[in-house]
Amino acid sequence: MDRIYLDWNATSPLLPSVQDAMTEALESVPGNASSVHQHGQQARSIVERARRAVADAVGAPGQSVVLTGGATESNNQVLRSHVRRVDDPHIVCSAVEHPSVIEVVEQLGEEGVEVAICPVDEAGRLDREYLRDELKAGATLVSVMWANNEMGNLYQVGELADMIHEYGALLHSDTTQAFGRLPIDFESSGVDIATLSFHKTGGPKGIGALVLREGCKVGSLMAGGHQERGRRPGTENVPAAAGLEAAAQAVDEQVETWQQEMKQQRSTFLEQLREAIDDFEIRGHTEQCLPNTLNLAFPDIDGEDLLMALDLEGVSVSSGSACTAGSLEPSHVILAMGYDHDDARRSVRFSFGPSTSQASLEEAADRIGRVVRRLSNI
Ligand code: PMP
């Protein structure tokens, strides 16, 4: 039985070009990018190429790019360094942010910083009036993700930027799930600081980035060396940077094609599921959404039970964020959308990528149909 991987929002398989670039760097680039000799310079040029490829892939040529250890680190760095840099910090984030934003905001609140968590409605849409009131009350930084990892909802951050800037606050956006799924144009978006990760779209894990609009600054989370102009100490991960460059180039060249293909695949997959199963609910926004993500709930079936049963049938899916998997609590995202605990526990996330074939989605729909019918009978 071939296994079918439908958990790309947790992580994705490496693109062949990424694997080649990383292998080449591992085998032939021994130097430290901070060393002045030629081995060092060879490593340095890989890191600088990666930085430029990131800027190109998100439409931010000439903007400052800081390489980090992933989106979790990038998010922590933005929020924590803001508090150190600003006189009266006041941070607002949406109730559906990834734990690497929302939990940091909660921690900062416990440490005495003024914070607020902006509610969403049943479709996951932000309460803009609440946000405006927080801005009027002196908010200095607003963090709203570009796309949600569990529901796939898009957040139209560009539309929020004007309001946020009107009150002199900064807009930070976590683009982890959007990168490689739809085009990102940082320059025109109005976002001041963007968080990026690359492993949801064929890139390496354990490397991420921050893109900073001219004039925006972040401090370091850690003390140590002067790498990344003092903003991220520690020896650069050169093989990961080589892989990042390849992933960013692939995204730059192909994201529009991937977006169209995945959109088509998503709608065919839904049709096939409708043929296989009488009744299920689609959660989240059905228009303003990622092309690769479907959050579904099946009547009277617990999401964890379905996940386990599908795993035995060779289909890998998720019942929430991988970062909170294993927790008995339902996802904070679905609770924030107003579902009660039992209802929230029924959510299952299906997510795929550009190399997922239509045939494997069709086979997955068949297997999902069989498992749902079996669990419904129980
Ligand atoms: N933000 C979002 C929206 C995510 O989906 C994830 C990955 N689950 C992260 C941040 C964390 O990314 P990383 O694994 O690079 O730390």
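J.: I would appreciate a short explanation of the domain arrangement of the chain in the present structure.
T.: Quite often, the size of an interface is put as the accessible area lost when its parts meet. For the chain, the assigned domains read domain 1 (4-13 + 255-377) and domain 2 (16-250). For domain 1 and domain 2, the distance between their C-alpha centres works out to 27 Å. Listed as interface residues are 32 residues of domain 1 and, on the opposing side, 33 residues of domain 2. Contact between domain 1 and domain 2 buries roughly 2,800 Å² in total, counting both sides, with carbon and sulfur atoms accounting for 55%. The largest per-residue losses of area from domain 1 upon contact with domain 2 belong to L290, H332 and M337, which jointly make up 20% of the total buried on that side.

J.: Help me understand the pattern of salt bridges, please; the structure alone is not making it clear to me.
T.: A pair can form between side chains of opposite charge whenever their charged atoms are brought close. For the structure on display, the rule yields 20 salt bridges. Two residues, R44 and E236, come together in a salt bridge whose shortest N-O distance is 3.0 Å. Note that R44 is positioned in helix 2 (residues 38-57) and E236 in the loop between strand 8 (208-212) and helix 8 (238-276), a separation of 192 residues in sequence. On the basis of relative accessible area, E236 is assigned to the buried category, the value being 13%.

J.: Would you explain the site of the ligand in this entry?
T.: Near the ligand you find 14 residues, and of these T72, D174, Q177, S197 and K200 are the closest. Backbone polar atom of A71 to an oxygen atom of the ligand: 2.9 Å apart, as the coordinates give it. Here a nitrogen atom of the ligand and a side-chain polar atom of D174 are 2.6 Å apart. For the ligand, whose accessible area on its own is 400 Å², the fraction buried by protein is 90%. Residue composition of the shell around the ligand, by class: three nonpolar, nine polar and two charged.

J.: Help me understand the packing of helix 3 (residues 71-85) against helix 4 (residues 99-110) in this model?
T.: Two numbers describe how helix 3 lies on helix 4: the axes approach to 9 Å, and their chain directions differ by 30°. With respect to their mutual orientation, helix 3 and helix 4 come out roughly parallel. Read as a crossing pair, helix 3 and helix 4 show a hand that is right-handed. Taken together, the residues of helix 4 that come into contact with helix 3 (itself represented by A71, T72, N75, N76, L79, R80 and V83) are S100, V101, V104, V105, Q107 and L108. A per-class count over the contact of helix 3 with helix 4 returns seven nonpolar, five polar and one charged.

J.: Honestly, the packing of helix 2 against helix 8 in this entry has me stumped. Any pointers?
T.: For any two helices packed against each other, the geometry is given by the interaxial angle and the distance between the axes. Two elements in contact, helix 2 and helix 8, have axes separated by 8 Å at closest approach and are oriented at 30°. It follows that helix 2 is roughly parallel to helix 8 by the angle criterion. In the packing of helix 2 onto helix 8, the handedness of the crossing is left-handed. The segment helix 2 lies against helix 8, with A43, I46, V47, R49, A50, A53, V54, D56 and A57 engaging V238, A241, A242, L244, E245, A248 and D252. Classifying every residue of the contact of helix 2 with helix 8 gives twelve nonpolar, no polar and four charged.

J.: Hey, could you run me through the nonpolar core in this one?
T.: What tends to happen in soluble globular proteins is that the nonpolar side chains get buried as a cluster. Of all hydrophobic cores here, the largest spans 96 residues; its most connected members are L6, F269, F298, F350 and I368. Residue contributions to this core peak at 15 residues, all from helix 8. The two domains that each donate at least three residues to this core are domain 1 (4-13 + 255-377) and domain 2 (16-250). Residues in contact with I368, not counting those within four places in the same chain, are F269, L273, I277, F298, L310 and F350. Residues V66, I102, L141 and L212 belong to the second largest nonpolar core, which totals 17 residues.

J.: Even after reading the chapter, I still don't get the packing of aromatic side chains, so can you show me in this structure?
T.: When we look at a pair of aromatic rings, we describe it by the centre distance and by the angle of the planes. Under the defined criterion, the tally for this structure stands at three aromatic pairs. Taken together, a centroid distance of 6.1 Å and an interplanar angle of 65° make the contact between F269 and F350 edge-to-face. Here F269, found in helix 8, pairs with F350, found in strand 12 (residues 347-351); they are 81 residues apart in sequence, far enough to count as distant. The aromatic ring of Y339 is capped on one face by R283, whose charged end is 4.1 Å from the ring centroid.

The rules behind the values
Residues numbered from 1 in each chain as written. Predicted model: local features only at pLDDT ≥ 70, side-chain atom pairs only at ≥ 80, totals over all residues. Heavy atoms only, no water. Domains from an automatic or database assignment. Contact = heavy atoms within 4.5 Å. Buried area = accessible area lost by both parts, 1.4 Å probe. Salt bridge = Lys/Arg side-chain N within 4 Å of Asp/Glu carboxyl O. Helix = DSSP H or I, 4+ residues; strand = E, 2+ residues; numbered from the N terminus. Buried < 20%, exposed > 50% of the residue type's maximum accessible area, 1.4 Å probe, protein only. Near = heavy atom within 4 Å. Polar contact = N/O pair within 3.5 Å; in protein donor to acceptor, adjacent residues only side chain to side chain. Areas by Shrake-Rupley, 256 points an atom, 1.4 Å probe, with all protein chains shown as cover. Nonpolar A, V, L, I, M, F, W, Y, C, P; charged D, E, K, R; others polar. Axes fitted to C-alpha atoms, helices over the stretch in contact; angles between N-to-C directions. Parallel < 35°, antiparallel > 145°, perpendicular 65-115°, else oblique. Left-handed = near helix turned anticlockwise from the far one by under 90°. Core = buried A, V, L, I, M, F, W, Y, C linked by side-chain atoms within 4.5 Å. Phe/Tyr/Trp six-rings, centres within 6.5 Å; stacked < 30°, edge-to-face > 60°. Lys NZ or Arg CZ within 6 Å of the ring centre and 35° of its normal.

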